Amino acid sequence: MTRSTVDAEALRSTAEAIRTSPVRGRFTFRVDGDWGGGFRLTSRVGALTHGGDTDTARSGRFVMNSDEPTQVLGTDMAVSPTEWVLQALAGCYTVTIAANAALRGISLRAVHLDLEGDVDLSGFLGLDPAVRPGIGHIRVSVTLDAPGATVAELENLIEAVQQRSVVRDTLVRPVAVTTTLRRA
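Being a predicted model, the structure only gives us computed values, none of them experimental. (Residues numbered from 1 in each chain as written. Predicted model: local features only at pLDDT ≥ 70, side-chain atom pairs only at ≥ 80, totals over all residues. Heavy atoms only, no water.)

Below, the discussion takes up the side chain of S43. Here S43 lies in strand β3 (residues 41-45). If near-sequence neighbours (up to four positions away) are discounted, S43 is found in contact with V31, D32, G33, F62, V63 and M64. (Helix = DSSP H or I, 4+ residues; strand = E, 2+ residues; numbered from the N terminus. Contact = heavy atoms within 4.5 Å.)

Before going further, it helps to examine the packing of aromatic side chains. Summed over all chains, the structure comprises one aromatic pair. A centroid spacing of 6.1 Å and a plane angle of 25 degrees characterise the contact between F27 and F29, whose relative ring orientation is stacked. With relative accessibility at 43%, the residue F27 sits in the partly exposed group. (Phe/Tyr/Trp six-rings, centres within 6.5 Å; stacked < 30°, edge-to-face > 60°. Buried < 20%, exposed > 50% of the residue type's maximum accessible area, 1.4 Å probe, protein only.)

Structurally, the α-helix is built with 3.6 residues per turn, so residues lying three or four positions apart point the same way. Taking 1.5 Å of rise per residue, the 14 residues of helix α4 (residues 151-164) would be expected to cover 20 Å, and the 20 Å separating its terminal C-alpha atoms lies within 8% of that figure. When we look at burial in α4, the residues that qualify are L154, L157, A160 and V161. Within α4, the buried residues cover an arc of 115 degrees as seen down the axis, which keeps them to one side. For α4, the exposed residues set more than 90 degrees away from the buried face come down to V151, E155 and Q163. Here the buried face of α4 lies against α2 (81-104) and β8 (137-145). (Expected span 1.5 Å × (residues − 1). Arc of directions from axis to C-beta.)

Considered as a void within the structure, the largest pocket measures approximately 1,900 Å³ in volume. As for the largest pocket, its lining consists of 38 residues, of which F29, A88, C92, V166 and V167 are closest to the centre. Looking at the lining of the largest pocket, the elements that each hand over two or more residues are α1 (8-20), β3, β6 (63-66), α2 and α5 (166-172). Counting residues per element, the lining of the largest pocket draws most heavily on α2, at 12 residues. Per-class residue counts for the lining of the largest pocket are 22 nonpolar, 11 polar and five charged. Formed jointly, the lining of the largest pocket draws a minimum of three residues from each of two domains, domain 1 (24-74) and domain 2 (80-172). Computed from the structure, the second largest pocket encloses a volume of approximately 940 Å³. (1 Å grid on protein atoms, 1.4 Å probe; cavity = no way out; pocket = protein on both sides within 12 Å on 5 of 7 lines; lining within 4 Å. Points joined across faces, edges and corners; volume = space filled by probe spheres on them. Nonpolar A, V, L, I, M, F, W, Y, C, P; charged D, E, K, R; others polar. Domains from an automatic or database assignment.)

It is worth stressing that arrangement in space is one thing and function is another; only the former is reported here.
So this is what it looks like as structure tokens:
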């Protein structure tokens, strides 16, 4: 049974609407969070701005928690921020695979992703300035069940995913991150 419920015509219409009015393709996502002690954080999804219009209906609708495993001195009560990065990449790959498969007429029965990310805490702890504090390498393995597709079609699909995934692009190319301080 094929699971693909992505409307290829709606994707094409959206692309055309953005082509004629580029502001329709611009979004600002928001998250706010509060420290829960130790390494714990509870975050909520904030308002979504699309094409200059802000929709507050999503504010607080989804809650995300993070902590660190006990091996990293956390309490292991929630997903690690590093695992959230991997989840973000996996989620974005899934969106990008499903959308591009629909546009290419590829019927998907199943998509499975395995992700691994390597971190060396000597960078985070400032012990070795030559070691970056972030994830040093991410490996993604994608298994696709698409009985009607050729290997070449699936390879082209994965190439498109690597070129068009928002989160992958965010991870592989420098992004400006501005941090400001506000006193309570």
